[in-house]
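# Geometric and topological summary
The lines below spell out each chain.
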Amino acid sequence: MMNPHDFTWIFGVGMVAAFTDAYGIGANDVANSFATSVSSGSLSLAQACIVACFTEFLGAFLLGSGVADTIKDGIIEIENYVENPEMLMLGMMCALVGSFTWVLVATKQGWPVSTTHSIIGAVIGMGIAGYGGQAVDWSWDGVIQIVVSWFLSPVLAGIVASIIYMITKYAILRQVDSVKWALRLVPVYFFFTVAIAVLYICFKAPGAKNSGLKIGHIMGIAFGAGAGVAIISWIFLCPWLKRVVVDREDLRYYHIPIIWWVPKRPMPTEDLEHNDTVSAPAREAIEDDNDRDGSKDSSSTCPEKSAKTVNHIVSARLAHQSTAAEADKEPKTGFAKVKEKFLSIVLHGIRQDVRNLNNDRVKKIHASAQLYEDDVEYMFSYLQVLTACVASFAHGSNDVSNAVGPLAAIFDIWQSGTVSTESPVPIWILAYGGVAIDLGLATFGYRLMRSMGNNITYVSPSRGFSAELGASLTVLTASQLKLPVSTTHCITGAITAIGLCNGNWQAVNWKMLGYVFFGWIATLPIAGLVSGLLYAFCAYGPSFVYLR
């Protein structure tokens, strides 16, 4: 019979394995949430990492579940371990190792995989190794749901995202005066985006589910919040956008709440001349964008629009880059060299190019996409950042349990020496998982972002917004209808469907999608195989304990 605080080494190894698994969740799942925002240019990689550090951590810490299922989603029978709690500790440790092994391998290859399916597959492998195939629930409530989600998730999300994008395309993007229509409809988009976002958090976050709110109250809160944000955007954001986009005034984001009291600020003429002092790589990047736009003008069916120009926002960024480049040419002291080397190592993960705009392998795919007015796309970047933040917040509250759930089970058994169907999750474990998720995104998430963004199809702010909102709405609806869907699979299907909305199948990278689908199918067996083999080695291998 196991006594409390026996097998401390399993608890110690489980701590390391849980941190590594949460690290993989950040590098894969969280990077997946922000991939479209970064690929479209709405956020830089560094900005996405900073935003995610807050949204993911606060989601995990504030709305993370107070309890965790001892066996993930009831996949295997808990009764098998009542007499031997230490074997469940060992099994959860092996499941974490199996899960993070596959997630990190998939992230290295740039394959978006479901971390939920990974930990479930690892638990299945551990259960089979311990008690055979009969210990696993192979019915609709178990494994069959996962297999169905491989096909159901991307199809449903693709349909919803396509509807949102096509409405946007014909209501705004293809209008003769698309900027005017965008300014008119931005508050409407904010209303629906915020309402769906609040519903998403209320229904998906485990902590919110336990609040006891009735469906009527939740709907009232969601639509009230949406209406409030829509009114605020109409009063403050729309006038600011008009002055920035139409009047070309020199305004900053902090002018939004005081826009009615800000005097007219014409753009300094020298800012419009920065292009002459831009570094060669930056100029080449702009020229590549202009060439791509120019090549589409003859084939695109959208209304007449001028070629892309360097607006004042981009000019300011390029001026900053030029100044930084000149500073880099100055002789550096020994301390400066050490500092630069240190920062290059620490910031390696957020100094990567993940947009793939100049990648020769995907230029042909991008050339098949229709391009629209840049000023309109710029307005959608604010909506896209909002949807990415909300999805990240809900993800932190929900999927952190994939790593901390097994750790909470190990910790509970280690403390009590018994097995229970649910394990309390201490606050420090939620924070522990939240930190690991943030670290994973900041240091390793760029590999997934590089694959999920422009590598599948060309992503602009309007396309990215439609994909993120479509995926969130699909997950929300499917969860209430008890349909098995995966957030990772939904965003992939949404991006693919929006690529097909260009009316050209060549606008989608089908080879990349093939690798992604392989990753989905391989998740269960590979994570289960690693976990099952490790459990078998530990449980059935020779031991000096039994030889004495």
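None of these values were measured; they are calculated from a predicted model.

This brings us to the overall build of the protein chain. The secondary structure content of the protein chain amounts to 20 helices and two strands. By residue count, 53% of the 548 residues in the protein chain fall in the buried class. Summing over all exposed atoms, the protein chain offers an accessible surface of approximately 24200 Å²; the carbon and sulfur share of this is 65%.

Another point: the environment of Arg463. Residue position: Arg463 is located in helix 17 (residues 461–480). In this structure, the C-alpha to C-alpha distance between Arg463 and Ile498, residues 35 residues apart in sequence, is 6.7 Å. At a separation of 2.6 Å, a polar atom in the side chain of Arg463 contacts the main-chain carbonyl oxygen of Gln370. There is a polar contact of 2.9 Å between the side chain of Arg463 and the side chain of Asn502.

Let us now look at the environment of Leu439. With respect to the helices, strands and loops of the structure, Leu439 is situated in helix 15 (residues 427–444). The sequence separation of Leu439 and Gly24 amounts to 415 residues, and the corresponding C-alpha distance is 9.3 Å. Apart from the residues lying within four places of it in its own chain, the contact partners of Leu439 are Phe19 and Tyr23.

Applying the stated rule across the entire model yields five salt bridges. In this structure, the salt-bridge partner of Arg252 is Asp250, at a minimum N-O distance of 2.6 Å. A residue is classified by how much of its surface remains accessible, and Arg252, at 33% relative accessible area, is partly exposed. The exposure class of Asp250 is buried, given its relative accessible area of 12%. Taken together, the salt bridges that share partners define one network made up of Arg243, Glu249 and Lys264.

Grouped together as the largest cluster of nonpolar side chains are 133 residues, with contacts concentrated most on Phe34, Trp240 and Met449. At 15 residues, helix 6 (residues 178–204) tops the list of elements feeding residues into this core. In contact with Trp240, not counting residues within four places along its chain, are Leu251, Arg252, Tyr253, His255, Ile256, Ile259, Tyr378 and Tyr382.

Turning our attention to unusual backbone geometry. Positive phi values are uncommon outside glycine, yet Phe7 reaches one of about 55°. Looking at the element boundaries, Phe7 is found in the segment before helix 1 (8–39). With a phi angle near 55°, Arg248 is a residue other than glycine that sits in the positive phi range.

To continue, consider helix 11 (residues 334–346). For helix 11, spanning 13 residues, the distance from its first C-alpha to its last is 18 Å, which sits close to the expected 18 Å at 1.5 Å a residue. With respect to burial, helix 11 is a largely exposed element, only zero of its 13 residues being buried.

One pass over the full model with this rule turns up 20 aromatic pairs. Summarising the aromatic geometry, the rings of Phe11 and Phe411 are spaced 5.5 Å apart at their centres and angled 35° between planes, so their arrangement reads as tilted. Of this pair, Phe11 sits in helix 1 while Phe411 sits in helix 14 (residues 401–416); the two residues are 400 residues apart in sequence, bridging distant segments of the chain. The ring of Trp181 carries Arg184 above its face, with NZ or CZ at 4.8 Å from the centroid.

A word on the state of the cysteines. For the structure on display, the rule yields zero disulfides. In this model Cys49 remains outside any disulfide bridge; the closest cysteine sulfur is found in Cys53, 6.6 Å from its own. A residue is classified by how much of its surface remains accessible, and Cys49, at 4% relative accessible area, is buried. Cys538 carries a free sulfur, and the closest cysteine sulfur to it, the one in Cys94, is 4.7 Å from it.

This part takes up the side chain of Glu249. Along the chain, Glu249 turns up in the loop between helix 8 (215–246) and helix 9 (280–297). For Glu249, a relative accessible area of 4% puts it in the buried group. Within the structure, the side chain of Glu249 is placed 3.1 Å from the backbone nitrogen of Arg265, a separation counted as a polar contact.

Taken N-terminus to C-terminus, the directions of helix 1 and helix 15 make an angle of 50°; their axes are 7 Å apart at the nearest point. On the basis of the axis angle, helix 1 is oblique to helix 15. Once helix 1 is placed against helix 15, the crossing between them reads as right-handed. Contact residues: Phe11, Met15, Val16, Phe19, Ala22, Tyr23, Ile25, Gly26, Ala27, Val30 and Ala31 in helix 1; Trp428, Tyr432, Gly433, Ala436, Ile437, Leu439, Gly440, Leu441, Thr443 and Phe444 in helix 15. Partitioned by chemical class, the residues of the contact of helix 1 with helix 15 number 17 nonpolar, four polar and no charged.

On the surface, a cluster of nonpolar side chains totalling about 750 Å² of accessible area is made up of Ile231, Trp234, Ile235, Ile258, Trp260 and Trp261. Along the polypeptide, Trp260 turns up in the loop between helix 8 and helix 9.

Keep in mind that low pLDDT regions are not for reading the predicted coordinates in detail. Per-residue pLDDT for the protein chain has a mean of 80; in total, 83% of the residues score no lower than 70. Predicted confidence in the protein chain is weakest over helix 9, with a mean pLDDT of 43, and strongest over helix 3 (residues 85–109), with 93. In the predicted structure, residues 272–325 sits below a pLDDT of 50 and forms 59 contacts with residues beyond four places in sequence or in another chain.

Definitions and limits used
- In this numbering scheme, every chain counts its residues from 1 along its sequence in written order.
- Reporting of local features is limited, given that this is a predicted model, to residues whose pLDDT is at least 70; pairs of side-chain atoms are given and counted only at 80 or more, and all residues count toward the totals for whole chains, interfaces and linings.
- To obtain the side-chain values, all non-hydrogen atoms of the structure were used and water was disregarded.
- Here a helix means four or more residues in a row that DSSP labels H or I, a strand means two or more in a row labelled E, and each is numbered from the N terminus.
- Remark: exposure states derive from per-residue accessible area (1.4 Å probe, protein chains only) relative to the maximum for the residue type, with buried under 20%, exposed over 50%, and partly exposed in between.
- Surface accessibility in these figures is a Shrake-Rupley result with a 1.4 Å probe; residues are shielded only by whichever protein chains are displayed.
- We call two N or O atoms a polar contact when they sit within 3.5 Å, provided that within protein one can donate a hydrogen and the other can accept it, with sequence-adjacent residues counted only if both atoms are side-chain atoms.
- Note on contacts: a residue pair is in contact if any heavy atoms of the two residues lie within 4.5 Å.
- Any carboxyl oxygen of Asp or Glu that lies within 4 Å of a side-chain nitrogen of Lys or Arg is treated as forming a salt bridge with it.
- In this description, a nonpolar core means a group of buried Ala, Val, Leu, Ile, Met, Phe, Trp, Tyr and Cys residues linked to one another through side-chain atoms lying within 4.5 Å.
- One fewer than the residue count of a helix, multiplied by 1.5 Å, yields its expected span.
- To pair, rings of Phe, Tyr and Trp, with the six-membered ring standing in for Trp, must have centres within 6.5 Å; the planes then decide the type, stacked if under 30 degrees apart, edge-to-face if over 60, and tilted in the middle.
- Placement of a positive charge over a ring is assigned whenever Lys NZ or Arg CZ falls within 6 Å of the ring centre and within 35 degrees of the normal to the ring plane.
- By convention in this document, the label disulfide applies to cysteine sulfur atom pairs within 2.5 Å.
- Angular values range over 0 to 180 degrees, each being the angle between N-to-C directions of two axes fitted as lines to C-alpha atoms, with helices fitted over their stretch in contact.
- Should an angle lie under 35 degrees it is considered roughly parallel, over 145 roughly antiparallel, and from 65 to 115 roughly perpendicular; all remaining angles are considered oblique.
- Left-handed describes a crossing in which the near helix is turned anticlockwise from the far one by less than a right angle; the clockwise case is right-handed.
- Gly is placed with the polar residues, together with every amino acid not listed as nonpolar (Ala, Val, Leu, Ile, Met, Phe, Trp, Tyr, Cys and Pro) or charged (Asp, Glu, Lys and Arg).
- For patch building, the residue pool is restricted to those with more than 30% relative accessible area and no salt bridge; the joining distance is 9 Å between like charges and 5 Å between nonpolar side chains (Val, Leu, Ile, Met, Phe, Trp, Tyr).
- The predictor reports its confidence for every residue as pLDDT, a score running from 0 up to 100.

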